[in-house]
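Now for the letters of each chain:
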Amino acid sequence: MALERLDVTSEARGDAIFVPTSKRDSVRLSLAREGLPAKNQAGYELLDELSGFSTTSEMFDAAYWRAKEGELARTILSVPGVRSARVHIGAAKRTSFDANKDANSAVVTVSMARGPLTKQQALAVRYLVSLAVAGLPEEKVAVIDAERGVVLRPGDGAPEAEALSMAAERERELEARLTSLIEARVGAGSARVSVALELDMEREALSERILDPESRVTTGRETTDITQNSSGTVGAVTVASNLPDGDAGSDQRSSSQRNEARERIDYEFSEVRREREKRPGAVKRLSVAVLVDAVRETDPDGVVSTTARSEEEIESLRLLVESAIGFNEARGDVVTVETLEFQAPVDSGPLVTASPINQFLANNAAGVIKVLIPSLVTLLIGLFVIKPVLSQGAAPRPAELAKTDALPTASISYAPAAEATPEIEAPQDSMDKLKEIAAAKQEETASLLKSWLDRAEEPA
């Protein structure tokens, strides 16, 4: 084991290995130098190891398909929630003299970290593999959940999923359309609509051929005439012809004649051919449920009373809904319109939400402090040092402050005059005193502030 060779204490916890914090970075570098941790499947880097002199075409094809499977597995692993993935591609061998060329096929096995592999995720995996491999039809890809079994079989899934998504979208459109239509009569928020589409998920292929014997068309006519004549002489045989000196008889002439006529007519009947494929997704039945609020009235005293809507109004709403959805009684469509009193919302007190300013300060407290402290120091220097220096001008300099070498303290007391009134006077602001002292001792104040700034810049 690599960690044992490095003499590092380690502990395996699930899919992770824990090492001491002080050796974490060095262990990572050492393992990376050895190519660890190794990836589950290699990708196109397999093709870099092939040599052109010792590699046959069969070896290259095998390495190419292994690389393709590894790259597809890596892409599937990037999907959130996927723990492991394997791709197996059945590449059909094709030759120049092969008339029946079979299509490629593939099987994808996926293990989820949590929860099952949904139908939509399986369709996405099938779509990815089908487009990544040339000559691989989408219906020839199977997707398997390693823990729960087959999710998509070859040839299944795509039409059904498309039909279900279209049905869900159509349900939402019908609900929004009916809600806006009914609320125009009963008021906003006073109607609830639910639409359910029952689909026919069967697939059927129909082929029809119709022949009409009454409508025939002559496509060909063939006539043959045969005339045959023959003639000859036939000798007559008698008793006298058997005697030595008897008469042999006389010759008789014969003739024959034969006439034959043939006619062949080819007819073709009128023919109609129909081929129709019934795909999943046809609407088998449509059910609509509409709930409207009762009529609310407020008397002069502020008391709210509710009354049920009339049967005529409910019937009008039902006819309106039937017209909007294309009601078909023969198909088994159902439309239900009821009026009930809606529950008033419970007042649970004012809604308290977090202030965005407080939330910003809580998330960025350190940054705000770093910006606020230098700004505050700069502001104090500008107000109490630079501004008095610039505004000093021709102001007289106090003699008692000029004679002292050090900055006086702020504990200066002022005794009230004897003739002062008993009214309480406001003490002089300490900031004014500080400004006066800073204006009188400009050089000492600058030296003191410089020492403070140098001390603040020292590292902690």
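Refer to the structure presented above.
What you see is a predicted model; the values in this text were computed from it and never measured. (Residues numbered from 1 in each chain as written. Predicted model: local features only at pLDDT ≥ 70, side-chain atom pairs only at ≥ 80, totals over all residues. Heavy atoms only, no water.)

Peer 1: Quick one: what's the story with the overall build of the protein, residue by residue and with numbers?
Peer 2: Each helix and strand in the protein was counted, giving 11 helices and 13 strands. Taken over 460 residues, the protein has a buried fraction of 19%. Nonlocal contacts in the protein, meaning residues at least 24 apart in sequence, comprise 67% of its contacts between residues at least 6 apart. When the accessible surface of the protein is totalled, it reaches about 34,300 Å², and 54% of it is carbon and sulfur. (Helix = DSSP H or I, 4+ residues; strand = E, 2+ residues; numbered from the N terminus. Buried < 20%, exposed > 50% of the residue type's maximum accessible area, 1.4 Å probe, protein only. Contact = heavy atoms within 4.5 Å. Areas by Shrake-Rupley, 256 points an atom, 1.4 Å probe, with all protein chains shown as cover.)

Peer 1: Which residues make up helix α4 (residues 119-132), and what values go with them?
Peer 2: Since the α-helix advances by 3.6 residues per turn, residues separated by three or four positions end up pointing in the same direction. Helix length check: α4 (14 residues) gives 20 Å between terminal C-alpha atoms against 20 Å at 1.5 Å per residue, within 8%. For α4, the complete set of buried residues consists of A122, L123, V125, R126, V129 and S130. Seen from one end, α4 has its buried residues packed into an arc of 160 degrees, which puts them on one side. Seen from the buried face of α4, the exposed residues on the opposite side, beyond 90 degrees, are Q120 and L131. (Expected span 1.5 Å × (residues − 1). Arc of directions from axis to C-beta.)

Peer 1: Break down a nonpolar patch on the surface for me, with residues and values.
Peer 2: Residues L376, L379, L380 and L383 make up a contiguous nonpolar surface patch of about 350 Å² in total accessible area. Locating L379 in the fold gives a position in helix α8 (residues 365-390). (Patch = residues over 30% accessible without salt bridge, like charges linked within 9 Å, V, L, I, M, F, W, Y side chains within 5 Å. Salt bridge = Lys/Arg side-chain N within 4 Å of Asp/Glu carboxyl O.)

Peer 1: Report on the side chain of S130, specifying residues and quantitative values.
Peer 2: Take S130: it is sitting in helix α4. Overall, S130 belongs to the buried group, its relative accessible area being 11%. Leave out the neighbours within four places in its chain, and S130 touches L136, P137 and E138.

Peer 1: Go over the environment of E139 with me, naming the residues and quoting the values.
Peer 2: Residue placement: E139 occurs in the loop between α4 and β5 (141-145). When the C-alpha positions of E139 and R126 are compared, they lie 8.6 Å apart, and in sequence the two are 13 residues distant.

Peer 1: Outline the pairing of β5, listing residues and values.
Peer 2: Of all 5 residues making up β5, 4 are buried, and the element is well covered by its neighbours. In this sheet, β5 lies alongside strand β4 (residues 105-112) in parallel orientation, the contact comprising 5 bridges. Note on β5: the bridge partner recorded for V108 is V143. The handedness of the β4 to β5 crossover, carried by α4, is right-handed. Where β5 and strand β6 (residues 149-152) come together, 3 bridges link them in antiparallel fashion. Within β6, the residue paired with I144 across the bridge is V150. In textbook terms, the turn of a hairpin is the stretch between consecutive antiparallel strands, and for β5 and β6 this stretch comprises 3 residues. (Pairing = 2+ DSSP bridges. Right-handed = clockwise from strand over helix to strand, strands pointing away.)

Peer 1: Report on the side chain of E69, specifying residues and quantitative values.
Peer 2: One can find E69 in helix α3 (residues 57-77). One buried charged residue, E69, forms no salt bridge at all, with the nearest opposite charge on R86 at 5.8 Å. There is a polar contact of 3.0 Å between the side chain of E69 and the backbone nitrogen of I89. (Lys, Arg positive; Asp, Glu negative; His and termini not counted. Polar contact = N/O pair within 3.5 Å; in protein donor to acceptor, adjacent residues only side chain to side chain.)

Peer 1: Tell me about the environment of T227, residues and numbers included.
Peer 2: Along the polypeptide, T227 turns up in strand β8 (residues 204-235). Its relative accessible area of 57% is what places T227 among the exposed residues. Sequence-wise, T227 and N259 are 32 residues apart; in three dimensions their C-alpha atoms are separated by 4.3 Å. Ignoring anything within four residues of it in the chain, the contact list for T227 reads R258 and N259. Polar contacts involving the side chain of T227 include one to the side chain of N259, which spans 3.3 Å.

Peer 1: Any chance you could break down the environment of S255 for me, citing the residues and the numbers?
Peer 2: Along the chain, S255 turns up in strand β9 (residues 251-278). Each C-alpha atom of the pair S255 and S231 lies 3.7 Å from the other, and the pair is 24 residues apart in sequence. Discounting residues that sit within four places of it in the chain, S255 has contacts with S230 and S231.

Peer 1: Describe in detail the sheet that holds strand β10 (residues 282-293), supporting the description with residues and values.
Peer 2: Read across the open sheet, the 3 strands follow the order β7-β10-β13; overall the sheet is mixed. Bordering the open sheet on either side are β7 (191-200) and β13 (334-340), each of which pairs with just one other strand. The mean angle between the axes of side-by-side strands here comes to 10 degrees, regardless of whether they run parallel or antiparallel. Helix-sheet contacts for helix α6 (residues 311-325) involve β10 and β13, and the interaxial angle to β13 is about 145 degrees. (Axes fitted to C-alpha atoms, helices over the stretch in contact; angles between N-to-C directions.)

Peer 1: If you had to explain the packing of aromatic side chains to someone new, which residues and values would you point to?
Peer 2: For the structure shown, the criterion picks out 1 aromatic pair. With a centroid separation of 5.3 Å and an interplanar angle of 70 degrees, the aromatic rings of Y64 and W65 are classed as edge-to-face. In this structure W65 comes out as partly exposed when scored by relative accessible area, which is 22%. (Phe/Tyr/Trp six-rings, centres within 6.5 Å; stacked < 30°, edge-to-face > 60°.)

Peer 1: Kindly report on the pattern of salt bridges, identifying the contributing residues and their values.
Peer 2: Here the structure, examined in full by the defined rule, presents 19 salt bridges. Of the charged contacts in the structure, one is a salt bridge between R24 and D25, with a shortest N-O distance of 3.5 Å. Where R273 meets E271, a salt bridge forms, and the shortest distance between an N and an O atom there is 2.9 Å. Taking relative accessible area as the criterion, E271 reaches 32% and is therefore assigned partly exposed.

Peer 1: Explain the nonpolar core to me, using residue names and the numbers behind them.
Peer 2: If you look at the biggest cluster of nonpolar residues, it comprises 21 residues, and the most contacted ones within it are I76, V87, V108, V110 and V129. Among the elements of the structure, α3, β3 (82-90), β4, α4 and β5 are those that each provide at least two residues to this core. If we ignore the near neighbours within four places in the chain, the residues touching V87 are E69, L72, A73, I76, V107 and V108. Core analysis: the next-biggest nonpolar cluster, separate from the first, contains 20 residues, A191, I314, V335 and V337 among them. (Core = buried A, V, L, I, M, F, W, Y, C linked by side-chain atoms within 4.5 Å.)

Peer 1: So, the packing of α3 against α4: which residues are in play, and what are the values?
Peer 2: It is the contact of α3 with α4, at a shortest axis distance of 11 Å, that shows an interaxial angle of 150 degrees. Judged by the inter-axis angle, α3 sits roughly antiparallel to α4. Read as a crossing pair, α3 and α4 show a hand that is right-handed. Residues K68, L72, T75 and I76 of α3 form the contact with α4, whose participating residues are V125, L128, V129 and A132. Its residues assigned to classes, the contact of α3 with α4 comprises 6 nonpolar, 1 polar and 1 charged. (Parallel < 35°, antiparallel > 145°, perpendicular 65-115°, else oblique. Left-handed = near helix turned anticlockwise from the far one by under 90°. Nonpolar A, V, L, I, M, F, W, Y, C, P; charged D, E, K, R; others polar.)

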